[in-house]
Amino acid sequence: WWAIGFASIASFGYFYVLDNPEVLQEELENTYNLSNTQYNLFYTAISLPGIFITPTMGWITRFIAIRHVWLLCLMLIIMGQAGFALGAAVEVYGLMLLGRFIFGAGMSSVISLQLSIAYRWFKTDMELATAVSFGISVGHLGSVVNNFLNPFFLKKGLSLPTILTISLVIVVVAVIISSYFYFLDRQYSRKLPEFGDSQHLAPTSTPNLGFGVLKQFPPLWIFLTLSILATYCCVYNFLFIGNEYMQIGFGYEKYYASLLVSMPALCSLCLGPFCGAFVDRFGRRTHLLGFASCGILTCHTLLLGSIYSPSSIVIGFAMVIFGLSYTLYSSLIWACLSMSVPEDLVITSNGIVVSLQTAALMLSTLLIGTIRDNSTGYATMQGFFVFLSILGVIFAFFVFKQNLK
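The structure displayed is predicted, hence computed values, not measured ones. (Residues numbered from 1 in each chain as written. Predicted model: local features only at pLDDT ≥ 70, side-chain atom pairs only at ≥ 80, totals over all residues. Heavy atoms only, no water.)

What follows covers unusual backbone geometry. Despite not being glycine, N33 has its phi angle at roughly 55°, a positive value. As for its placement among the helices and strands, N33 is situated in the loop between helix 3 (25–32) and helix 4 (36–60). Although it is not a glycine, E91 adopts a positive phi angle of roughly 60°. Here E91 is to be found in the loop between helix 5 (66–90) and helix 6 (93–122). (Helix = DSSP H or I, 4+ residues; strand = E, 2+ residues; numbered from the N terminus.)

Here you go:
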């Protein structure tokens with residue numbers, strides 16, 4: 001638990017930095033005269049490198065200890081945020097995008113690697129979902145702190161470059177503390193030969209970066225992957241524009257908008273490890289997956305209805321359901337994915353899924369930016385979120401049916 005604790009501290013830093021543009025959206029658009037599409041490119045730039053780099057990093061860990069690759073990716077995260085802050089200081093939009101691109105190259109790989117680290121350390125302890133949930137909760141703590149700290153900085157009159165530089169300092173400190181995991185992992189790898197110093201065990205087949213590796217994954221893995229793509233596109237894209245959505249679409253003040261949008265992160269922070277422990281003890285993961293997917297659909301259906309008939313009670317209730325459902329979903333889905341493939345393919349599996357996830361996020365983010373630029377109000381966009389939620393429920397059903405076989 002010390003190992004996963006130190007490894008997870010880094011996620012606090014990069015989730016804090018990831019959500020900087022969300023809280024600063026209005027200031028970024030006004031200061032640098034950005035359109036909705038240009039703003040969304042800050043998130044597209046993060047997604048793009050993950051499509052190609054994440055599977056490569058997973059493949060590299062077959063030859064190099066996972067801790068080395070993990071530390072390299074953390075350095076990319078720091079470089080990326082430094083570029084973003086520098087671009088804001090000199091008012092060069094292209095440099096800001098480049099910084100987000102470098103940041104995304106590191107972050108998407110680190111997420112995949114940390115999922116694999118959790119599997120590596122907890123695969124025999126029946127605590128895998130708890131470990132994954134703990135790491136996600138620490139990351140969401142960074143999102144929560146970002147949602148409340150940066151508006152405070154804005155109120156105090158700090159400039160955008162200063163705020164982004166503070167974010168750089170935070171992620172540097174988080175990485176420095178988290179790097180102690182590197183030494184813990186090395187120590188255990190030397191003491192316990194069976195612990196392994198590459199993927200987790202020696203690969204049982206010749207390393208392959210081609211599409212042929214997909215043939216080794218069962219149908220259950222495919223439906224789990226489709227569920228991840230639909231659900232996370234729905235969740236993350238909603239959170240990316242959530243502050244503006246709540247302020248303009250429903251008339252909330254900035255503080256209350258941040259509070260509502262922080263609900264998934266707050267629920268994950270407070271309840272994530274408990275949900276993970278419940279999943280580990282209770283089992284029936286496919287049943288819980290369907291339950292969580294239906295909860296996310298319920299939230300977005302209520303929000304769509306609230307556009308036409310606004311109600312603070314309904315909106316608040318919907319966001320609580322959203323937070324609880326997302327917490328349950330994230331507590332079980334990655335553990336399910338790791339357990340659905342042969343052990344020597346876990347890192348490869350995580351790399352491929354995170355790569356597909358970032359590609360889907362990139363395309364859906366651009367689509368949502370286009371929808372917002374070419375429509376009035378938020379009904380069309382919210383309808384798109386309902387559509388993605390329905391797909392999530394359908395794929396969860398197929399996961400359940402496939403698991404019965």
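So, about the packing of aromatic side chains. In the structure shown here, the tally under the stated rule is 15 aromatic pairs. Aromatic side chains F238 and F385 sit 5.7 Å apart centroid to centroid with 80° between the ring planes, which places their arrangement in the edge-to-face category. One end of the pair, F238, is in helix 10 (residues 219–240); the other, F385, is in helix 17 (residues 379–404), and 147 residues separate them in sequence. For the pair shown, F238 and F385 are each scored as buried. Here the aromatic rings of Y245 and F250 are separated by 5.3 Å at their centres, their planes lie at 35°, and the arrangement is tilted. Residue class for Y245 comes out buried when judged on its relative accessible area of 0%. Owing to a relative accessible area of 17%, F250 belongs among the buried residues under this scheme. Here a set of aromatic residues connected by ring pairs shows up, and it is made of F238, Y245, F250, F322, Y378 and F385. In this arrangement the basic side chain of R100 is found over the ring face of F84, its NZ or CZ atom lying 5.3 Å from the centre. (Phe/Tyr/Trp six-rings, centres within 6.5 Å; stacked < 30°, edge-to-face > 60°. Buried < 20%, exposed > 50% of the residue type's maximum accessible area, 1.4 Å probe, protein only. Lys NZ or Arg CZ within 6 Å of the ring centre and 35° of its normal.)

In this fold, G272 is placed in helix 13 (residues 263–282). For G272, a relative accessible area of 1% corresponds to the buried category. In sequence terms G272 and G135 are 137 residues apart; their C-alpha atoms lie 9.0 Å from each other. Setting aside anything within four residues of it in sequence, one finds G272 in contact with S133, S137, C267, T327 and S331. (Contact = heavy atoms within 4.5 Å.)

Next up on the list: the packing of helix 10 against helix 16 (residues 346–373). When two helices pack together, their arrangement is captured by the angle between the axes and the distance separating the axes. Running from N to C, helix 10 and helix 16 cross one another at 40°; their axes reach a closest spacing of 9 Å. Taken together, the axis directions place helix 10 and helix 16 in an arrangement best described as oblique. Considering how the two elements wind past one another, helix 10 and helix 16 form a crossing that is right-handed. Contacts from W221, T225, I228, L229, Y232, C233, Y236, N237 and F240 in helix 10 reach S349, I352, V353, L356, Q357, A360, L361, S364, T365 and I368 in helix 16. Along the lines of polarity and charge, the residues of the contact of helix 10 with helix 16 split into 13 nonpolar, 6 polar and no charged. (Axes fitted to C-alpha atoms, helices over the stretch in contact; angles between N-to-C directions. Parallel < 35°, antiparallel > 145°, perpendicular 65-115°, else oblique. Left-handed = near helix turned anticlockwise from the far one by under 90°. Nonpolar A, V, L, I, M, F, W, Y, C, P; charged D, E, K, R; others polar.)

Within the structure shown, the criterion is met by 0 disulfides. No disulfide involves C234; its nearest neighbouring cysteine sulfur is the one of C299, lying 7.8 Å away. (Disulfide = S-S within 2.5 Å.)

By themselves, these are just geometric observations and shouldn't be taken as functional.
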